[in-house]
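Listed here are the chains, written in short residue letters.
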2 protein chains.
Amino acid sequence: MKKLTRAELKSELMNAGIRPSVQRLAIYEFVRMSKAHPTAEVVYEALREELGSLSLTTVYNTLKLYTDAGLILTLNIDDGFLHYDGDTSLHAHFRCSSCGAIHDLAVKSDYSNWFEGSGDFSVTEAQLYLKGLCPKCKSCKN
Amino acid sequence: MKKLTRAELKSELMNAGIRPSVQRLAIYEFVRMSKAHPTAEVVYEALREELGSLSLTTVYNTLKLYTDAGLILTLNIDDGFLHYDGDTSLHAHFRCSSCGAIHDLAVKSDYSNWFEGSGDFSVTEAQLYLKGLCPKCKSCKN
DNA sequence: TTTATTTTTGTAATCGTTTCATTTTTATTT
DNA sequence: AAATAAAAATGAAACGATTACAAAAATAAA
């Protein structure tokens, strides 16, 4: 995973037919560079100072725009918030029921190998969500 | 999968330390027997006549009780509603983006075989959610 | 500049779910 | 059986993350 420059991120937006406004580029950069699967609120709080003005509605609108364009993933991992993931490559998500952190997990094969009858259903998206204790919380017993 | 009698369902509740009131048994029977992954609202509408009186709060409370007891599954498959599944055995869920129906899919192996690093994380629950077109909607192109 | 289009913004609304206090039902004790 | 205690059901109200909406600001086109 190579680090992307701001110019490259801008190109990705334009290639997707999305005009890279200041807000849009900042939001895209934040989500693409983050590994913490931030919520809209987190994105908003992280960028409002840097941008001077920013509205939570813009954050939601923009994240939806990117999701529909296939640039990012929207995760619904059942903690009451939508989370956003700038990494669209195949991987699973683990949420720690103790600390709430969401971790990426490498999967061993494509999802089409996981279940039967793949021919009958036309699968466009697959999400594997795992729950339990992360290594840190497991050892601390908290 | 053998059909369960009402007496057997009652025993399952009692074995879980749950007192089988009229409402509880009716809700449990409905969810255990259904293959449609109903929402709380669906359960409520299906049983309110039969029971004479029933409140939506009771349905929510009871379904939460069963989920915490491990008797049923709560599915958060990202359509704005929580769905409930009386089948707790290992299987994946497919939601059709056209008709909204949720289908069960048999999986080829235990989830622990799907991802790397299973030793580091203590996994207590796994859900594989798939999205796309179901066979019917696929053929009808609607 | 004028005009049209796109994007951002703040407020208000949405609505599935939860909280809470009260009532009803069920179990236990006297 | 009556009295008491405990559990469950109920309806109304609250919650809160997300979305809808209309106005304002920014950008592009003429």
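Here is a short report on the structure shown in this document. Quick caveat: nothing in here was measured; it's all calculated off a predicted structure. Within each chain, residue numbers correspond to sequence positions counted from 1 in written order. Each chain is given a letter, starting from A, and each ligand a number, starting from 1, according to the order in which they appear as written. Side-chain atom pairs in this predicted model are given and counted only at pLDDT of 80 or more, local residue features only at pLDDT of at least 70, and totals for whole chains, interfaces and linings cover all residues. Note that the side-chain values use all heavy atoms of the structure and ignore hydrogens as well as water.

## Observations regarding the overall build of chain A
Secondary structure elements are defined from DSSP: runs of H or I of at least 4 residues count as helices, runs of E of at least 2 residues count as strands, and each element is numbered from the N terminus. Per the secondary structure count, chain A includes five helices and five strands. Overall, chain A shows an N-to-C arrangement of helices and strands of α-α-α-α-β-β-β-β-β-α. Seen through its C-alpha atoms, chain A measures out along the principal axes to roughly 45 × 45 × 30 Å. Here the term buried applies to any residue with accessible area under 20% of the maximum for its type, exposed to any over 50%, and partly exposed to those in between, with areas from a 1.4 Å probe on protein chains only. Looking at chain A as a whole, 39% of its 142 residues qualify as buried. Accessible areas in this description were obtained via Shrake-Rupley with a 1.4 Å probe; residue shielding takes into account the shown protein chains only. In the structure as shown, chain A presents an accessible area of about 7600 Å², 51% of it carried by carbon and sulfur atoms. Under the convention used here, Asp and Glu are negative, Lys and Arg are positive, and both His and the chain ends fall outside the count. Charged side chains are reduced to one point each, which is NZ for Lys, CZ for Arg, CG for Asp and CD for Glu. Counting 16 positive and 17 negative side-chain charges, chain A places the centres of these two groups 5 Å from one another.

## A short note on the interface of chain B and chain A
The interface of chain B with chain A comprises 32 residues on the first partner and 32 residues on the second. Throughout, buried area stands for the accessible area (probe radius 1.4 Å) lost by two parts on being put together, summed over both. For the pair chain B and chain A, the two sides together bury roughly 3000 Å², of which 59% comes from carbon and sulfur. Area buried by chain B at its contact with chain A is led by Lys108, Trp114 and Phe121 of chain B, which between them contribute 20% of it. Just to be clear on terms, a salt bridge is a Lys or Arg side-chain nitrogen sitting within 4 Å of an Asp or Glu carboxyl oxygen. At the boundary of chain B and chain A, one finds two salt bridges. We note a salt bridge from lysine 131 of chain B to glutamate 125 of chain A, for which the minimum N-O separation is 3.5 Å. Side-chain atoms alone can form a polar contact between residues adjacent in sequence; in general such a contact is a pair of N or O atoms within 3.5 Å, and within protein one must be able to donate a hydrogen while the other accepts it. At the surface where chain B touches chain A, the tally comes to 15 residue pairs in polar contact (both at pLDDT 80 or more). Those elements that place two or more of their residues in the side of chain B that touches chain A are β4 (102–105), β5 (122–133) and α5 (135–140) of chain B. Here the side of chain B that touches chain A takes twelve residues from β5 of chain B, the largest share from any one element. For this scheme, ten residues count as nonpolar: Ala, Val, Leu, Ile, Met, Phe, Trp, Tyr, Cys and Pro. Four count as charged, namely Asp, Glu, Lys and Arg, and the remainder, Gly too, count as polar. Residue classes in the side of chain B that touches chain A are distributed as 17 nonpolar, eight polar and seven charged. The sheet contact formed by strand β5 (residues 122–133) of chain A and β5 of chain B spans eleven bridges and is antiparallel. Any two residues whose heavy atoms approach within 4.5 Å at even a single point are treated as in contact. Here a strand pair is declared whenever DSSP counts at least two bridges between the two strands.

## Quick notes on the protein's contact with DNA strand C
Taken together, 16 residues form the shell around DNA strand C, and within it Ser21, Arg24 and Ser53 of chain A together with Tyr60 and Leu82 of chain B come nearest. Nearness of a residue to a molecule or strand requires only that one of the residue's heavy atoms be within 4 Å of it. A share of 83% is what sugar and phosphate atoms reach among the atoms of DNA strand C within 4 Å of the protein. Where the surface near DNA strand C is concerned, the elements lending two or more residues are α2 (22–33) and α4 (56–68) of chain A together with α4 (56–68) of chain B.

## Description of the relation of the copies chain B and chain A
All copies are superposed by least squares; the fitting set is the C-alpha atoms of residues with a pLDDT of at least 70 in both. Taken as rigid bodies, chain B and chain A are interconverted by a rotation of 180° and an axial shift of 0.0 Å, the fit giving an RMSD of 0.0 Å. Both chain copies can therefore be described as sitting about a two-fold axis. Considering only C-alpha atoms, the residue of chain B closest to the rotation axis is leucine 128 of chain B, which sits at 2.2 Å. When the interface residues of chain B are mapped onto chain A, 100% of them again lie at the interface, so the same face is used by both copies.

## Examining the packing of helix α1 (residues 6–15) of chain B against helix α2 (residues 22–33) of chain B
All names here are of chain B. Only the stretch in contact is used when a helix axis is fitted, and all axes are lines through C-alpha atoms; the angle between N-to-C directions ranges over 0 to 180 degrees. As a packed pair, α1 and α2 sit with axes 10 Å apart at the nearest point and diverge in direction by 105°. Considering their axes alone, α1 and α2 lie roughly perpendicular with respect to each other. Residues Arg6, Leu9, Lys10, Glu12 and Leu13 of α1 touch α2, and the partners they reach there are Arg24, Leu25, Tyr28, Glu29, Arg32 and Met33. Across the contact of α1 with α2, the residue classes tally to five nonpolar, no polar and six charged. Should an angle fall under 35 degrees it is called roughly parallel, over 145 degrees roughly antiparallel, and 65 to 115 degrees roughly perpendicular, with every other angle called oblique.

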